[in-house]
Amino acid sequence: MPDHGSIYQAIVDSLPDAAIVLNGDGRLLFWNASANRLFAPTDVGRPFSDFLSDGESSVEICRTIQQSGLRWDGEEAPQFEATMVSTDGESLPLELTIRSLKVDGQDLCLVIARSIAKRIASRQKRREIERLVRIISENAQDVITYSILGNPPLYVSSAIQTVLGYSPDDIVSGRVTLTYHPDDGDVMGVCRDRVEAGETSFVLTARVKHANGRWVWMETVYRVVPADNPNECAIVGIGRDVSDRKKMQRRFEHAQRIAKVGHWERDFEENWIYWSDEVFRIFGLEPSQPLSPEDIFEMTHPQDRAKVVEAFAEAEAGEGYSLDYRIVRPDGEVRYVHSQGEHIWRDGRIVGMFGSVQDITDRKLIEEDLTRSKESLKLAHRIAGLGYWDLQIQTNEFYCSPNLSQIWGLGEKTFPDARQAILANVHPDDAAYVEAAMDQIMNNQPSDVEFRIIRPDGSVRNLRGVSEIIVDSDGVPIRRFGVVQDNTDQKRAEELLIHSEMLSAIGQLAAGLAHEIRNPLTAIKGFAKLLANDDNHPYEQIIRSELERIESIVNELLVLAKPQAVAYKPCGIPEVLQDVVDFLDAEAIMHNVTLQFDVSGEIPHVHAEPNQLKQVFINMIQNAMEAMTDGGTVHIAVRRQHNSVVICFEDTGVGIAPDILQALGQPFVTTKPDGVGLGFMISKKIVQDHRGTMNVHSEVGVGTTIEIALPVA
């Protein structure tokens, strides 16, 4: 078994630290293998100070130990840091632990040397880092803090003085505790909860009270430095004043509220979506409610979902989209929105989308009102026969309403803006008046002219054109504006009024004439009968014939002169016409005329006085027969048309000249050499009394068609 000395020697030599024994004078007595490798002492009795690069005397070290009174009594031995020279001549930083020994009554020193090169290097690096951190923190605009979870900060950068008006000492010493806005919640509590939840980095934004009492928006990035004990985690905070950014954000949000525009952003890679508060307001939701694209689709008006699906399909295909559609809010209110979106690209691939939603309900309602107003104005113009034109003097830009082309008979063609093109349709007799009005307009003078135009289809229309000059604030003409009205119907109404007044006058005249003629006519007829007894009187038959003709004219005048008390009753037009055809059939044969009578379908009754209608029908058929001097066929047809019964008389006679056709129905206007023009006028009056209408179409050499329409009973 080895002796104790060998065992102790083996233990000492196995130590990783250098073990050196010095005498009271600080000279080498013994060293282990680690010391031999470290600085290779060669001679016993060599001063230990020879190995110290700083020249510190080992004697002084030992004396210090002796004076301290430390012994092997279990107390902590003093430690020193020194630099020794290694075997290769390099300086080695060492930690020296020195203890006093008593061996065989001799005072000795035990020196344990341990290399601290890595510790020194780490310490220097830490000091350099601390120096750099201090330089950065002292010069950074952000507030940097360092604290242990749940404790006041251990360090606060000087930027807090600029940002919040407090000195770092105010915070570190605890004289000042930062105050957070009550509306922003328990900020420190949230911070603690997130650390305990295992988050290592997070951002909190809250308002902090400044030393002068105002609130400062601070956005702080927190990073957690883990520790074995979770309650001892260190937290580094980097806070920045974002008050200006918040102010701009509030302005942006306020602008969004005013403009009713919300925005959204979606990240496909991280699978998140953000909706601004205004989006929730537009859709009638609270910002705290969850919202997804599927929810948006469900709130889309059913009639608009198809185009929303189409827009989403375009988006999936890599295209942006822009569309208007309706939504139905939870409370049932329907709103119009405009939505658009664009893709976010990164490294040649789509990683997300950004878009906006705008409430355009007010604009849509205004547009609908404007459209409705425009349509109503167009309808009013069309009903009133109005069209307008507008000429910008500076740009010579000419515009006319579509109805002006309709008035001119151009259909869908554009109204001409050239002077000669306009005059080409003006009636030749009125061209001079229109040219004069045009000259007034070009001289910036108002004009008012009535004229006629000849449409491409040959019809003549009566028009009135009125123009005004619009000036700016300085009185300089800037626009020429005019209105053209088709007053053809008005002109016809005026002519009908004159015609009616004339008929009234004729009626009064007829009453007087009938009264004045009847009295002597009675006497003449009496004496004529006396003459009838003389069979040989040569003029008796002539006198009787002419007296009967005079009596017939007087009776017709009386129809015009006094209103007839007529009893209207339901009657069938085919039956009345059949009686008339049967009555005139013999006369038709004498004129070599065939009467062809047709009835189409079931004909309803009309309210009428049958005898008066018979008088009208007889007059129409007799006129037709007399117009066909060489014989022919008179077509008589009855049909139902909407709420009217239409009776048509068509002949193949000589026709009526246009000038006579236009005046037909006026007193003493006739196509017969021996006619007085009262038959047609009386027939027309009877039809009007029955609330009916009479239209005549005739072409010289072809024939005449007369249509009478009577309302269904």
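Residues numbered from 1 in each chain as written. Predicted model: local features only at pLDDT ≥ 70, side-chain atom pairs only at ≥ 80, totals over all residues. Heavy atoms only, no water.

Q: Which parts of the structure should I look at to understand the overall build of the protein?
A: Check the secondary structure of the protein and you find 21 helices and 27 strands. When burial is assessed residue by residue, the protein has 35% of its 713 residues classed as buried. Split by element, the accessible area of the protein, about 42500 Å² in all, is 52% carbon and sulfur. (Helix = DSSP H or I, 4+ residues; strand = E, 2+ residues; numbered from the N terminus. Buried < 20%, exposed > 50% of the residue type's maximum accessible area, 1.4 Å probe, protein only. Areas by Shrake-Rupley, 256 points an atom, 1.4 Å probe, with all protein chains shown as cover.)

Q: Please explain the sheet that holds strand β1 (residues 18-22) as it appears in this structure.
A: If you walk across this open sheet you meet the 5 strands as β2-β1-β5-β4-β3, and the pairing is antiparallel. A strand with exactly one partner marks an edge of an open sheet, and here the two such strands are β2 (28-31) and β3 (79-85). Within this sheet the neighbouring strands show an average axis-to-axis angle of 35°, counted without direction. Here β1 pairs with β2 via 3 bridges, running antiparallel. By the bridge assignment for β2, V21 is matched with F30. (Pairing = 2+ DSSP bridges. Axes fitted to C-alpha atoms, helices over the stretch in contact; angles between N-to-C directions.)

Q: Sorry if this is basic, but what is going on with the packing of aromatic side chains here?
A: How two aromatic rings sit relative to each other is given by the distance of their centres and the angle of their planes. Counted under the stated rule, the structure contains 6 aromatic pairs. When the ring of Y388 is compared with that of Y399, the centres are 6.1 Å apart and the planes differ by 50°; the resulting orientation is tilted. Separated by 11 residues along the polypeptide, Y388 in strand β16 (residues 386-392) and Y399 in strand β17 (residues 397-400) bring together distant segments of the chain. Y388 sits in the partly exposed class, given a relative accessible area of 23%. Judged by centre distance (6.4 Å) and plane angle (25°), the ring pair of W389 and F398 falls under stacked. Residue classification places W389 among the buried positions, given a relative accessible area of 12%. Sitting over the ring of W217, K246 keeps its end group 4.5 Å from the ring centre. (Phe/Tyr/Trp six-rings, centres within 6.5 Å; stacked < 30°, edge-to-face > 60°. Lys NZ or Arg CZ within 6 Å of the ring centre and 35° of its normal.)

Q: Quick question: what am I supposed to make of the nonpolar core here?
A: Inside soluble globular proteins, nonpolar side chains tend to come together where they are buried. Core analysis: the biggest nonpolar cluster contains 37 residues, and I573, L595, F617, I647, F649 and I708 have the highest contact counts within it. Excluding residues within four positions of it along the chain, L595 makes contact with V581, L584, D585, A588, I621, M625 and V634. (Core = buried A, V, L, I, M, F, W, Y, C linked by side-chain atoms within 4.5 Å. Contact = heavy atoms within 4.5 Å.)

Q: What am I meant to see in the environment of S115 here?
A: Topologically, S115 is positioned in strand β5 (residues 106-115). Overall, the relative accessible area of 46% leaves S115 in the partly exposed class. Ignoring any residue separated from it by four or fewer positions in sequence, one finds S115 in contact with P93 and L94.

Q: Explain the pairing of strand β13 (residues 321-328) to me, please; I cannot follow it from the model alone.
A: The sheet contact formed by β13 and strand β14 (residues 334-346) spans 8 bridges and is antiparallel. Looking across to β14, one finds that R326 is bridged to Y336. Here β13 folds back onto β14, and the loop between the two strands holds 5 residues, one of which, G332, carries a positive phi near 95°.

Q: Can you walk me through the pattern of salt bridges in this structure?
A: Side chains that differ in charge, positive against negative, can pair when their charged atoms come close. Scanning the entire structure with this criterion turns up 28 salt bridges. For D324, the salt bridge identified is with K364, shortest N-O distance 3.8 Å. One end of the pair, D324, is in strand β13; the other, K364, is in helix α12 (residues 361-384), with 40 residues separating them in the sequence. For D324, a relative accessible area of 23% corresponds to the partly exposed category. A salt bridge links R455 to D486; its shortest N-O distance comes to 3.8 Å. On the criterion of sequence distance, the pair formed by R455 in the loop between β18 (447-454) and β19 (460-471) and D486 in strand β20 (residues 477-486) is long-range, its members being 31 residues apart. Each member of the pair R455 and D486 is classed as buried. (Salt bridge = Lys/Arg side-chain N within 4 Å of Asp/Glu carboxyl O.)

Q: Sorry, what's going on with the side chain of N23 here?
A: Summarising the element assignment, N23 is placed in the loop between β1 and β2. Here the side chain of N23 touches R27 through a polar contact of 2.8 Å, landing on its backbone nitrogen. (Polar contact = N/O pair within 3.5 Å; in protein donor to acceptor, adjacent residues only side chain to side chain.)

Q: Teacher, can you tell me more about the pairing of strand β4 (residues 91-103) here?
A: Within a regular strand, the side chains alternate between the two sheet faces. Pairing geometry for β3 and β4, over 7 bridges, is antiparallel. Opposite T83, over in β4, you have P93 as the bridge partner. The pairing of β4 with β5 spans 10 bridges and is classified as antiparallel. When the bridges of β5 are listed, R99 appears paired with L110. Hairpin connection from β4 to β5: 2 residues lie between these consecutive antiparallel strands, with D104 at a positive phi of about 50°.

Q: Looking at this structure, I do not really get the sheet that holds strand β10 (residues 234-241). What am I missing?
A: Sheet strands pair by backbone hydrogen bonding; their relative direction is either parallel or antiparallel. Taken in spatial order, the 5 strands make up an open sheet running β7-β6-β10-β9-β8, and their pairing is antiparallel. Sheet topology places β7 (153-156) and β8 (201-209) at the edges, where each strand pairs with a single neighbour. The mean angle between the axes of side-by-side strands here comes to 25°, regardless of whether they run parallel or antiparallel. Relative to strand β9 (residues 215-225), β8 runs antiparallel, the two sharing 9 bridges. By the bridge assignment for β9, L204 is matched with T220. Across the sheet, helix α7 (residues 187-196) is in contact with β8, β9 and β10; its angle to β8 comes to roughly 170°.

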